[in-house]
Amino acid sequence: MKKILIGVLLLISFVLVGCSGGITTEDNSGTDNLTFPATVKGRVLSGAGDMLTAGIIITYPNGDMERVNTNILSGYTLYLEEGEYTLTFSRGMDYSTKSVTINVENYKTYYIDDVRLNQLYDGASMGWYLGALHQHTSFSDGKQGVEDVLVSNISSGLHFGYLTDHNTAAGLAEWVQGSRLVSEFDSAGNPIYFVAMRGVEITTDYGHFQSLGVGNVLEQADINPIKGDVPIDEIREIAQEIVRSGAISTINHPFATSVLGFNYWDLAGDFDGIEIWNGLYPTNRNENAKARDKWFELLEEYRAGNLKFLPATCGADNHDITGYYKAAYADRSTDDKAYKDDYLRRGVYNNMPSLAVYVDGELTEEKIHNAILNGNSYLTNGPRIIAAIEGMIYGETYALGQETFVDINLDLFSQDEILELRIIKNGEIIETIVPMLDGYRYQNTIRIDNVSLGDWFVIEIIGDYTAYAITNPIFLG
Ligand SMILES: [Zn+2]
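Please read all numbers here as calculations on a predicted model, not as lab measurements. (Residues numbered from 1 in each chain as written. Predicted model: local features only at pLDDT ≥ 70, side-chain atom pairs only at ≥ 80, totals over all residues.)

Enquirer: I keep staring at the environment of Leu410 and nothing clicks. Help me out?
Expert: Tracing the chain through its elements places Leu410 in strand S22 (residues 405-413). When the 19 C-beta atoms within 10 Å are taken as the criterion, Leu410 is described as partly exposed. In the structure, Leu410 is positioned 35 residues away from Thr445 in sequence and 5.9 Å away in space, judged by C-alpha atoms. Look past the residues within four positions of Leu410 in its chain and what remains in contact with it is Ala387, Gln443, Asn444 and Ile446. (Helix = DSSP H or I, 4+ residues; strand = E, 2+ residues; numbered from the N terminus. Buried ≥ 20, exposed ≤ 12 C-beta atoms within 10 Å, placed from the backbone. Contact = placed C-beta atoms within 7 Å.)

Encoded structure:
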């Protein structure tokens, strides 16, 4: 009944607008020096029929690919030159994708039937939410504005996101309005609001540092981000000011080449965390692998009682939400091209990797903050992995009694084939499993013998090509 009423109201308002003379229509079909592209319209819905802000990967007639979004109400209008296109609709790692091939002619408008994407994994219902910790808009060196990046976050299936432009808080007043947007509807049909959080990437000559939760640290502290005589003091000042102001401080992409890296590991304890996965490459590849290995070392320092626990974080470091790829990229001629191509193929570009955090009850800024700080999280570009020892999850400590073994419960979801699930104890791989996915799911309990107080366990998921995840540790205490 309600739907019919709305339909009637829309019809009336349409007629009124049509009669008001407020719209001018121009017929250009007779001119030959102008090209009017085809118009393609439609919308994307969840399996339950709710609006679903989604990504659309357009494959052009020449093979080029570009990712755009539906609007926030899940509708889209595309203007395309004549030719055959494939439109692939996606909603991040937890939903099915759907491809539609369409041949269009200029001057014509095409309405595509509603596209329905099914939710294959409902992380939120188990308290696991996905978010972005590192991204840029045109307020610094990003290509798009705040609204575009917000919609892109939601269309990638994220529930929260920090905006972290370089050394500026200018975009944040607009960004935080994103908390009024619905990211998803839960299984009962209730809205889950997106949580848009403030941040800034403090960019200096001796490293980049995240201030997650507060965007105007620089203004408050009068920090000089240019290399001083004594960088050690400057870095410590930055780390401490971030924490004093109530934010989370992380060391970003510590092994990035050129001036972006970080070389002052004696100061690690002044920070709250370390970004071991920055951008495209999983942490078993290139400079991110070095960051992971360094993080394992720091966890061993913690086990020895010499350092506090530093949780791992990740960041897409996104500067462009379109992920525009030339047809030539499909040849996978370089690692970089192949990785981008594969992310698109999997329908998960962009905002990957993202951080999955565990939150008890309603999703709030404070709970997200605490989950990141305590390491109740894992890093992923697709595979969803929950591991627990007697209910203790990442960042938590299982109280070991007299027993010399523990049972680790594993719950894995992935739309991509998984080659290996590794259980890592104190930095060493102690068990490798080849999980056979059954309906995208693998559940098992693995007994680990010869355990002792202080041990820590990390799970690493190596998927088909780019699919990858790594967790924060579960401790024995
Ligand atoms: Zn950045």
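Enquirer: What's the story with the sheet that holds strand S25 (residues 441-449) in this structure? I'm lost.
Expert: Either a parallel or an antiparallel arrangement is found when strands of a sheet pair, and the pairing is made through backbone hydrogen bonds. An order of S20-S22-S25 is seen for the 3 strands of this open sheet, with the pairing classed as antiparallel. The sheet is open, and its two borders are formed by strand S20 (384-389) and S25, each paired with just one other strand. Sheet twist, expressed as the mean angle between neighbouring strand axes with direction ignored, is 20°. As judged from the 9 bridges shared by S22 and S25, these two strands associate in the antiparallel manner. Residue pairing for S25: Phe405 is matched across the bridge by Asp449. (Pairing = 2+ DSSP bridges. Axes fitted to C-alpha atoms, helices over the stretch in contact; angles between N-to-C directions.)

Enquirer: What's the story with unusual backbone geometry in this structure? I'm lost.
Expert: Most peptide bonds adopt trans geometry, and most residues besides glycine take a negative phi value. In this chain, Met352 is followed by Pro353 through a cis amide linkage whose omega measures 0°. Although it is not a glycine, Ser74 adopts a positive phi angle of roughly 75°. Mapping Ser74 onto the fold places it in the loop between strand S3 (65-69) and strand S4 (75-80). The class of Ser74 is buried, set by 22 C-beta atoms lying within 10 Å. Non-glycine residue Tyr107 carries a positive phi angle of around 75°. For Tyr107, the location among the structural elements is in the loop between strand S6 (98-104) and strand S7 (109-111).

Enquirer: Can you walk me through helix H7 (residues 335-345) in this structure?
Expert: For the α-helix, the turn length of 3.6 residues means that residues three or four positions removed from each other point alike. Burial in H7 covers these residues: Tyr339, Lys340, Asp341, Tyr343 and Leu344. Where the residues of H7 are buried, they touch strand S2 (55-59) and S3.

Enquirer: It is not clear to me how the confidence of the model for the protein chain should be interpreted in this structure. Could you clarify?
Expert: When pLDDT is low, close inspection of the predicted coordinates is not appropriate. Per-residue pLDDT for the protein chain averages 88, and the proportion of residues at 70 or more is 88%. Note on residues 1-21: pLDDT under 50 across the span, and 2 contacts to partners over four residues away in sequence or across chains. (pLDDT = per-residue confidence, 0-100.)

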